[in-house]
Structure formats: structure tokens, C-alpha cells
Amino acid sequence: MADVKHKVERAAFGAAIDGILKYVNKDEEDREKAFLKLVDLSEKFMGNTFSKESYDAARRMIREPDSKWMQYVNRILNEVDPHVIKMSALDYGFEAAFCGKKEINEMRVKHQCNIPWLILMDPTSACNLHCTGCWAAEYGNRLNLSFEDMDRIVTQGKELGIYLYFFTGGEPLVRKDDIIRLCEKHDDCGFHAFTNGTLIDEKFCQDMKRVGNFSVAISLEGFNEVNDLRRGKGVFDKVMHAMDLMKQYGLIFGTSICYTSKNYKVVTSDEFLDMIIEKGARFSWYFHYMPVGNEASCELLPDPDQREYMYHRIREIRAMKGGKPIFAFDFQNDGEYVGGCIAGGRNYCHINPNGDVEPCVFIHYSGANIKEVDLLTALKQPLFMAYRENQPFNCNHLKPCPMLENPEILQRMVHETKAHSTDLQSPESVEHLCGKCAEYAKKWDVRARELWQKDRNNK
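Residues numbered from 1 in each chain as written. Predicted model: local features only at pLDDT ≥ 70, side-chain atom pairs only at ≥ 80, totals over all residues. Heavy atoms only, no water.

Some points on the overall build of the protein chain
Consideration 1: Scanning the protein chain for helices and strands turns up 18 helices and 11 strands.
Consideration 2: Across the 459 residues of the protein chain, 59% fall into the buried class.
Consideration 3: Looking at the protein chain alone, contacts between residues at least 24 apart form 73% of all its contacts between residues at least 6 apart.
Consideration 4: For the protein chain, the exposed surface amounts to about 19,900 Å²; the carbon and sulfur share of it is 53%.
Consideration 5: Charged side chains of the protein chain number 60 positive and 68 negative; the gap between the two group centres comes to 3 Å. (Helix = DSSP H or I, 4+ residues; strand = E, 2+ residues; numbered from the N terminus. Buried < 20%, exposed > 50% of the residue type's maximum accessible area, 1.4 Å probe, protein only. Contact = heavy atoms within 4.5 Å. Areas by Shrake-Rupley, 256 points an atom, 1.4 Å probe, with all protein chains shown as cover. Lys, Arg positive; Asp, Glu negative; His and termini not counted. Charge placed at Lys NZ, Arg CZ, Asp CG, Glu CD.)

Structural data, given as C-alpha cells:
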């Protein structure tokens, strides 16, 4: 009975999306009506999962066709392939954000553990590039999750309400045929990959367009010279070509940017953002540099002034007015929007290419392997339960991480749970890892308190 109801609701959402797409090249008033109908439908199905103010805010935005974000949405409708739009809306929206979210909340109560909203996994540790300072290289290049491993993870995840699956590596598109197979088999899930972009060709764009439920974020460090200094000669031009192809085929993609003390201004500059927007990027994930690995450099850690610059700049970029027509998210400075640390299965977890289930892509410690236990058992491992008991790790969400800003907490959790290092080439002790963050945490603490208090006062 529940399956029948689910199919009926998905069909209703699909029909509402078709109603919007029907008016893509027609009257704006008709498109507005179709958008409002979709919001009404969402409110009916989701009820109080989101606040009434959220639905009302969406309606106000829709009724302002000249506003920055409605122009952003309309540009996507005009430029992205209709099948890609529909599958993305159904799988990221209806399945993951609506149905999945409700089921996950129920499962968290039932099983008394963290159930993630998305799972990030590494199909392989292999990569076609050899980037300077890449933490993924710490795993070596001979580890893989088989198609059967990944299929089992997705199948078990869906039973818990998880409908989003992200890939990193290594270079995940080394396994692009298996990724497309997963997209085909689990067409009710949204899939997304963090990639260097160099393996994206015309054939793969055709496959992405056909399945409709797969998107990518391409890693960039800046413009040509800086990017290729780390990633290798000619990589920047290959990335630009990949973006041109994806825009031509009407695909959804964005960028994934690690900001450091060296590149933070370049990768948030008007010039850089204008370039990736012109290429067709719809979003940009910004990741604070993490000193992971025995050989990691602490010189790349942003100082308090540089991190504060990022705090203000990202908010400026995505403001309702002004800024740039691209959605930017800074995972370290946007903790207030997600309640602090999202790792340890609270909203996501990471499975490395050896099958170790880790709390975070940057925290290489675990007490469970997906090749030995099922997903639910892995989510109940002692380290994940310690995350659940201790989150949020700081009431100041500008200090969300148990490693970077609260290094004493990660050390304690790893020791108490007897989690082991998952780095098979060069295991790093938790004391060594957190020791690199201690001075950073101390310096950032003063600035974080000032910014947090000022933001609370303004609100």
C-alpha cells in the first residue's frame, strides 16, 4: 500500500514538473503558476517538515520574476535538458529531500543512531592525475569498491531512506561505466561526483543526459597557471573543454574548490566566478583546506583574517541581491545552516575504496568495513555513536569540526572507541593529525567568537 502511495505521489510531482517545463518557452505568467502549484504540492506532501515561512518565502520569490534567484532558476530551465531537470527534481527533490528525509527521521528514532542523508563513497583510489598534496593519494592506487559493493550500499541505504550518493576518489570517473550502471539500476536516486573533469568526453555526456540523475562538481584551484602548477600541464584546458561539452548537452554541473592561504581570493574573485558561470556552472562547493596526511603542509591553512574574508565573501556572492548568479556553499563557515558538523552519519558519512566506513572524508579512522558488515551495523560502530553523543561539537557553529577547530575532541573519541587509522600506506596517529590543528584552533577561536556574537546580535 505504501509503495502504491509513493508511486502516485511521485507521479503527481512528475506531472507538476512537466507543467513547468511545458511553459519554458512560453508566457512567464503560466510558468509562475506552474511553480506555485509545485510549492503547493510540496507543502501538501511535506507538511511541517519545513516551516510555513519557508513555503511562503518560496512563493514570494516566484512572484518576483526579475529577482536574482528566479532569473537563476529560469536560466536553468532555458539551458538544461528537460529530462535532466525532471530526473534531478524527482530524485534530489521528491525522493531525497521529501520522502527520504521523512523516512530517515523515522529510522533515526527506530534504530537510535545517526542515519545520513547522503553517502559519499570512493569507487577507486586510482587517479589519472598526480596532484601535489592530494590527500586521496594517501590511500595508494590499488583499492576499489566493486560494482556489487556499491550496489549493495545503495540498496541497503534506500531501505533506511537514503537516496543521495556522492563519489570521490581517487578519480571516480575512472569507474564511469559502473557509475552509469548504478544510475540506471537506481533511477530513483540522485548521484553526484567530485571529479578532476579530464575524463569527461562526448560519450559520457551522452550517458549523463540519458540517465538524467547524475551531476558533477569539477575541481579547480584557480586560473590556468595556478591550477596546472598543482594538477599538471594542460589540465585547465581539459577542464574548460569538459565544461563546454556539458553545457552543450544541457547537463547540471558545478565546481569543487579547496581554498587555501594561497588561492582564497582568486577562487572567489568576480573574474573567476564570471568565468565558471559563463561556462555553465550552477553551483560551487568551497572546502577549507585540511592538513590530512603525514606529509600535509600547515602553511596552506588560512589564517583568521583569510578565513573571515571567506565568511563574508561567500555570503556576498549568494546574497538575495547583488553577488553572483551561482549557489556557493562554504562547508566550514556555513555550519549555522546545518547545525554544525554534519559527519559521522548525522547528515553524511564516507566509505573509502577499501570499504572502511569513516565519519568524514577528512577523518580517516573507522571501526567498521562495509565488506564485512551491513550498512546499519557500520552506522552503529562506536566512533559514529561517539559522534552522535557529542554533536554539535561546539555551540558556536563557526567551530563545527572535531578535528580542525576542536582537535581535543577527535583525539578523545578515537581513543575511547579504539577506532583505527584507515590509511593503508602511511597511517597517521590522531595525535599527529590533531597536533597540526591545535595552533590553528587557538587562533581561530577568538575570531569565531566575535563573528558568531555579531551575527547573533544582527539576527
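A short note on the side chain of Lys324
Consideration 1: Mapped onto the fold, Lys324 is located in the loop between α12 (304–317) and β7 (327–330).
Consideration 2: Overall, Lys324 belongs to the buried group, its relative accessible area being 13%.

Points about the nonpolar core
Note that soluble globular proteins tend to have their nonpolar side chains buried in a common cluster.
Consideration 1: With 144 residues, the main nonpolar core has Phe214 and Leu410 as its most contacted residues.
Consideration 2: Among the elements that line this core, the one with the most residues is helix α5 (residues 82–111), at 10 residues.
Consideration 3: For this core, the two domains that each supply at least three residues are domain 1 (1–86) and domain 2 (96–458).
Consideration 4: With near-sequence residues (within four places) excluded, Phe214 lies in contact with Phe167, Leu173, Ile179, Cys183, Phe191, His192, Ala193, Phe204 and Met208. (Core = buried A, V, L, I, M, F, W, Y, C linked by side-chain atoms within 4.5 Å. Domains from an automatic or database assignment.)

Focus on the packing of helix α8 (residues 202–211) against helix α10 (residues 235–248)
Consideration 1: Two numbers describe how α8 lies on α10: the axes approach to 10 Å, and their chain directions differ by 40°. With respect to each other, α8 and α10 are oriented oblique. Relative to α10, α8 is oriented so that their crossing is right-handed. From α8, Glu202, Cys205 and Met208 reach across to α10, where they touch Leu245, Met246 and Gln248.
Consideration 2: Here the contact of α8 with α10 is composed, by residue class, of 4 nonpolar, 1 polar and 1 charged. (Axes fitted to C-alpha atoms, helices over the stretch in contact; angles between N-to-C directions. Parallel < 35°, antiparallel > 145°, perpendicular 65-115°, else oblique. Left-handed = near helix turned anticlockwise from the far one by under 90°. Nonpolar A, V, L, I, M, F, W, Y, C, P; charged D, E, K, R; others polar.)

Some words on α12
Residues separated by three or four positions in an α-helix point in the same direction, a consequence of the helix having 3.6 residues per turn.
Consideration 1: Over its 14 residues, α12 runs 20 Å from end to end, which matches the ideal 20 Å to within 8%, given 1.5 Å per residue.
Consideration 2: Among the residues making up α12, those that are buried are Pro304, Gln306, Arg307, Met310, Tyr311, Arg313, Ile314, Arg315 and Ile317.
Consideration 3: Among the residues of α12, the N-terminal cap falls to Asp303, whose side-chain oxygen and the backbone nitrogen of Asp305 are separated by 3.0 Å. (Expected span 1.5 Å × (residues − 1). Polar contact = N/O pair within 3.5 Å; in protein donor to acceptor, adjacent residues only side chain to side chain.)

Here's the deal with the pairing of strand β5 (residues 253–259)
Consideration 1: With 6 of 7 residues buried, β5 lies mostly within the body of the structure.
Consideration 2: Sheet topology places strand β4 (residues 214–219) next to β5; 4 bridges connect them, and they run parallel. Within β5, the position partnered with Ser219 by the bridge is Ser256.
Consideration 3: As for the winding sense of the linkage, the β-α-β connection from β5 through helix α11 (residues 270–279) to strand β6 (residues 283–288) is right-handed. (Pairing = 2+ DSSP bridges. Right-handed = clockwise from strand over helix to strand, strands pointing away.)

Digging into the pattern of salt bridges
Consideration 1: Within this structure, the stated rule accounts for 36 salt bridges.
Consideration 2: Taking the shortest distance from any N to any O, the salt bridge between Asp91 and Arg10 comes out at 3.2 Å. One end of the pair, Asp91, is in helix α5; the other, Arg10, is in helix α1 (residues 2–22), and 81 residues separate them in sequence.
Consideration 3: Residue classification places Asp91 among the buried positions, given a relative accessible area of 0%.
Consideration 4: Measuring nitrogen to oxygen at the nearest pair gives 2.6 Å for the salt bridge that ties Glu428 to Lys436. Comparing Glu428 with Lys436, the two get one shared label, buried.
Consideration 5: Counted as one network, the salt bridges with shared partners bring together Arg315, Arg318, Asp334, Glu336, Asp455 and Arg456. (Salt bridge = Lys/Arg side-chain N within 4 Å of Asp/Glu carboxyl O.)

Points about the sheet that holds strand β9 (residues 357–358)
Consideration 1: As summarised here, the arrangement of the 9 strands in space is β7-β6-β5-β4-β3-β2-β1-β8-β9, forming an open sheet in which the pairing is mixed. The open sheet is flanked by β7 and β9, the only strands paired with a single partner.
Consideration 2: In this sheet, β6 lies alongside β5 in parallel orientation, the contact comprising 5 bridges. Bridging across to β6, Ser256 finds its partner in Trp285.

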